[in-house]
Amino acid sequence: MLDPIGALTEAFTSFLFGKVETTRLPVRTSTGQAQAVYLPTAAPGLGDSGVIIGREVYSGKGYIYDPFQLYGQQLPAPHWLVLGESGNGKSALEKTYVLRQLRFRDRQVVVLDAQGEDGVGEWNLIAQELGITPIRLDPTAALNGGIRLNPLDPSITATGQLALLRTIIEVAMGRGLDERSGFALKVAHAYVTDTITHRQPVLTDIVEQLRHPEAESAEAMNVDIDDVRAWGLDVALVLDRLVDGDLRGMFDGPTTAGIDLDAPLIVFDLSHIDRNSIAMPILMAIVGVWLEHTWIRPDRKKRIFLVEEAWHIINSPFVAQLFQRLLKFGRRLGLSFVAVVHHLSDVVDGAAAREAAAILKMASTRTIYAQKADEARATGRVLGLPRWAVEIIPTLTPGIAVWDVNGNVQVVKHLITEAERPLVFTDRAMTEASAMSESSAMPTDEARAIQEAADAEAEARAEAMAMERQWRDESSETVA
């Protein structure tokens, strides 16, 4: 008990400076007990506008991603790389992502479907649901009214046609064209496009001109006609494979009429092509250039180009260069390129390592599903993932992936609605990986709640924009 003088002193001090806090003794405790003092935190999300992917594992928050919404702010490029072992959810993610993107009216998607079962591609069910007929490229059906894509289609510029012909030949030969062979091809193409005007030029015309060049072609360069013929012989033999070889019928005629390039979804079914043959990269090259000159247009549409088994592109130097140009060109016109690859080592250790590195650098979004520990470490080194993310990749269960969106790294559980399940989980997926985990299926009530929240957010955004336009109109009238 304080003496009277001490009590008076304390009262006077409290009056001047406020109540003096008592000194508390330190407490020794365990981390398990002390963690309740610090509330859990999670990395910030990517915003609330775009396509719902699922839930962020650690925080439980909804995870929304859209490269078109994020481009220019959080993303320097809208391109996306998806990695992972088979059976972990890559296919389910791609399909639900496309279905949800197509809810927006200004979206359009092209899919190169390289896998299939029972004679149809993996995307056949989704195409049927949307009333779309896939463009099925099949060498066995090409001669009997099948689909054809003409590399010399007039909708492709002369420069584009020549570049495509060079790429086809270089892919088939496995090396670049020398100057003399390139000259022979150039003069043959120029003669065909100048003289054949009553119909679409076709590859047969180029092969014929390479075998029998015109004298004017030799005279222009002051060389012998036999030399020009010899320079173009190897080129003619390569193109003859598309005319009279195992790929005949698909490219040696006018482009099939009725291909709807304005449909919301365009599916190129490549499931009938041997994925390990030279035909696949040749097909990729032809489809890539054909789309570049006939599909990508400055009409303010947001386009998604999704390629399964994309190592066929990135592993060929000539095709990789073509698609690298497509990515750079398409970025200005609203193109998001999605490449799906099983193993990163398939491309970074391949013949096109330099081109692959350039394409990977343009992919600002990377989604990595479960991989073996050594593959995860290699992936982490190439992509610059944080150590904690590399360590958990081998432990991920189906439907859960590490998402790296320009340095924003989170672990995301992909959720699927009951309406999407029949379209996403095909028999092939069930047998390949004993199905996706049931926990990855989104309950109907939860899916409805998330979708209603997204729809409400979109309606509110639309109302706000309408009010803003009305306010601007009224302001302009007042000023006038």
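What counts and how
Residues numbered from 1 in each chain as written. Predicted model: local features only at pLDDT ≥ 70, side-chain atom pairs only at ≥ 80, totals over all residues. Heavy atoms only, no water. Phe/Tyr/Trp six-rings, centres within 6.5 Å; stacked < 30°, edge-to-face > 60°. Helix = DSSP H or I, 4+ residues; strand = E, 2+ residues; numbered from the N terminus. Buried < 20%, exposed > 50% of the residue type's maximum accessible area, 1.4 Å probe, protein only. Lys NZ or Arg CZ within 6 Å of the ring centre and 35° of its normal. Pairing = 2+ DSSP bridges. Axes fitted to C-alpha atoms, helices over the stretch in contact; angles between N-to-C directions. Parallel < 35°, antiparallel > 145°, perpendicular 65-115°, else oblique. Left-handed = near helix turned anticlockwise from the far one by under 90°. Contact = heavy atoms within 4.5 Å. Nonpolar A, V, L, I, M, F, W, Y, C, P; charged D, E, K, R; others polar. Salt bridge = Lys/Arg side-chain N within 4 Å of Asp/Glu carboxyl O. Expected span 1.5 Å × (residues − 1). Polar contact = N/O pair within 3.5 Å; in protein donor to acceptor, adjacent residues only side chain to side chain. Arc of directions from axis to C-beta. pLDDT = per-residue confidence, 0-100. Core = buried A, V, L, I, M, F, W, Y, C linked by side-chain atoms within 4.5 Å.

Q: Tell me about the packing of aromatic side chains, and name the residues and values.
A: Here the structure, examined in full by the defined rule, presents nine aromatic pairs. Considering the side-chain rings of Trp 295 and Phe 305, the 6.3 Å spacing of their centres and the 70° angle between planes classify their relative orientation as edge-to-face. Residue Trp 295 is located in the loop between helix H13 (279-294) and strand E9 (302-307), and its partner Phe 305 is located in strand E9; the two are separated by 10 residues in the primary sequence. Residue Phe 305 is classed as buried on the basis of its relative accessible area, which comes to 1%. Clustering of aromatic rings is evident, with ring pairs tying together Tyr 63, Tyr 65, Trp 80, Tyr 97 and Trp 403. Directly above the ring of Phe 104 sits Arg 107, whose terminal nitrogen or CZ lies 4.7 Å from the centroid.

Q: Lay out the pairing of strand E3 (residues 79-83) with the relevant residues and their values.
A: A large share of E3 lies buried, amounting to five of its five residues. Where E3 meets strand E11 (residues 363-368), five bridges bridge the pair, whose relative direction is parallel. Counted as the bridge partner of His 79 is Ala 363 from E11. Relative to strand E10 (residues 335-341), E3 runs parallel, the two sharing four bridges. The residue bridging Leu 81 from the neighbouring strand is Ala 339, located in E10.

Q: Residue-level account of the packing of helix H7 (residues 158-173) against helix H8 (residues 179-195), with values.
A: Between H7 and H8, the shortest axis-to-axis distance is 11 Å and the interhelical angle comes to 140°. Here H8 runs oblique to H7, going by the angle between their axes. At the point where H7 passes H8, the crossing takes the right-handed sense. When H7 is examined against H8, the residues Ala 158, Gln 161, Leu 162, Leu 165, Arg 166 and Ile 169 are found in contact with a partner set consisting of Gly 182, Leu 185, Lys 186, His 189 and Thr 193. Of the residues contributing to the contact of H7 with H8, the split by class is five nonpolar, four polar and two charged.

Q: A description of the pattern of salt bridges should follow, citing residues and the corresponding values.
A: Summed over all chains, the structure comprises 13 salt bridges. Asp 66 serves as the salt-bridge partner of Arg 107, at 3.0 Å between the closest nitrogen and oxygen. Within this pair, whereas Arg 107 is found in strand E4 (residues 107-113), its partner Asp 66 is found in the loop between strand E2 (62-65) and helix H3 (67-70), the two being separated by 41 residues in sequence. A relative accessible area of 1% places Asp 66 in the buried class. With its nearest N and O atoms 3.0 Å apart, the salt bridge here joins Arg 199 to Asp 205.

Q: Please provide a residue-by-residue account of H8, values included.
A: An ideal rise of 1.5 Å per residue puts 24 Å on 17 residues; H8 measures up with 24 Å between its terminal C-alpha atoms. Every buried residue of H8 is accounted for by Ser 181, Gly 182, Phe 183, Ala 184, Leu 185, Val 187, Ala 188, His 189 and Val 192. Those residues of H8 hidden inside the fold are in contact with H7, helix H9 (203-211), helix H10 (215-220), helix H11 (225-231) and helix H12 (233-244). Measuring from the backbone nitrogen of Arg 180 back to the side-chain oxygen at the start of H8 gives 3.2 Å, which picks out Asp 178 as the cap.

Q: I'd like a description of helix H17 (residues 353-362), backed by residues and values.
A: Listed as buried for H17 are Glu 355, Ala 356, Ile 359, Leu 360 and Met 362. Angularly, the buried residues of H17 cover 160° about the axis, an arc narrow enough to put them on a single face. For H17, exposure combined with an orientation more than 90 degrees from the buried face picks out Arg 354 and Lys 361.

Q: So what's going on with the confidence of the model for the chain? Residues and values would help.
A: Of all residues in the chain, 76% have pLDDT values of 70 or greater, and the mean over the chain is 79. Note on residues 427-439: pLDDT is under 50 here. Beyond four places in sequence and across chains, it has 20 contacts.

Q: An account of the sheet that holds strand E13 (residues 408-414) is requested, with residue identities and associated values reported.
A: Read across the sheet, 11 strands follow the order E2-E1-E13-E12-E11-E3-E10-E9-E4-E8-E7 without closing on themselves; strand pairing throughout is mixed. Taken across any chain shown, the strands that pair with only one partner, and hence form the sheet edges, are E2 and strand E7 (135-136). Pairing analysis gives five bridges linking E9 to E10, with the strands arranged parallel. Residue pairing in the sheet places Arg 303 in a bridge with Leu 335 of E10. Helix H4 (residues 90-101) contacts strand E1 (51-56), E2, E3, E4, strand E8 (265-269), E9, E10, E11, strand E12 (400-405) and E13 of the sheet and is inclined by roughly 135° relative to E1.

Q: I'd love a proper account of the packing of H8 against H9, names of residues and values included.
A: Geometrically, a packed helix pair is captured by the angle between its two axes and the distance between the axes. H9 packs onto H8 with a crossing angle of 125° between their chain directions and a minimal axis gap of 9 Å. Relative to H9, the element H8 is oriented oblique. When the axes of H8 and H9 are compared, the crossing they make is right-handed. In this structure, H8 contributes Ala 184, Leu 185, Ala 188, His 189, Tyr 191 and Val 192 to the contact, and H9 contributes Asp 205, Ile 206, Gln 209 and Leu 210. Partitioned by chemical class, the residues of the contact of H8 with H9 number seven nonpolar, two polar and one charged.

Q: Quick one: what's the story with the nonpolar core, residue by residue and with numbers?
A: If you look at the biggest cluster of nonpolar residues, it comprises 93 residues, and the most contacted ones within it are Leu 81, Leu 137, Leu 149, Leu 239, Phe 268 and Phe 305. Among the elements that line this core, the one with the most residues is H13, at 11 residues. Excluding anything up to four places from it in sequence, Leu 137 contacts Ile 147, Leu 149, Met 250, Phe 268, Asp 269, Leu 270, His 272, Ile 273, Leu 283 and Val 287. Grouped together as the second largest cluster of nonpolar side chains are 34 residues, Phe 68, Leu 102, Val 109 and Trp 403 included.

Q: Which residues make up unusual backbone geometry, and what values do they have?
A: The phi dihedral of Arg 300 falls on the positive side, at around 70°, and the residue is not glycine. Within the secondary structure, Arg 300 sits in the loop between H13 and E9. One non-glycine residue, Asn 406, lies in positive phi territory at about 55°. Tracing the chain through its elements places Asn 406 in the loop between E12 and E13. Taking the relative accessible area as the measure of exposure, Asn 406 reaches 44% and is therefore partly exposed.

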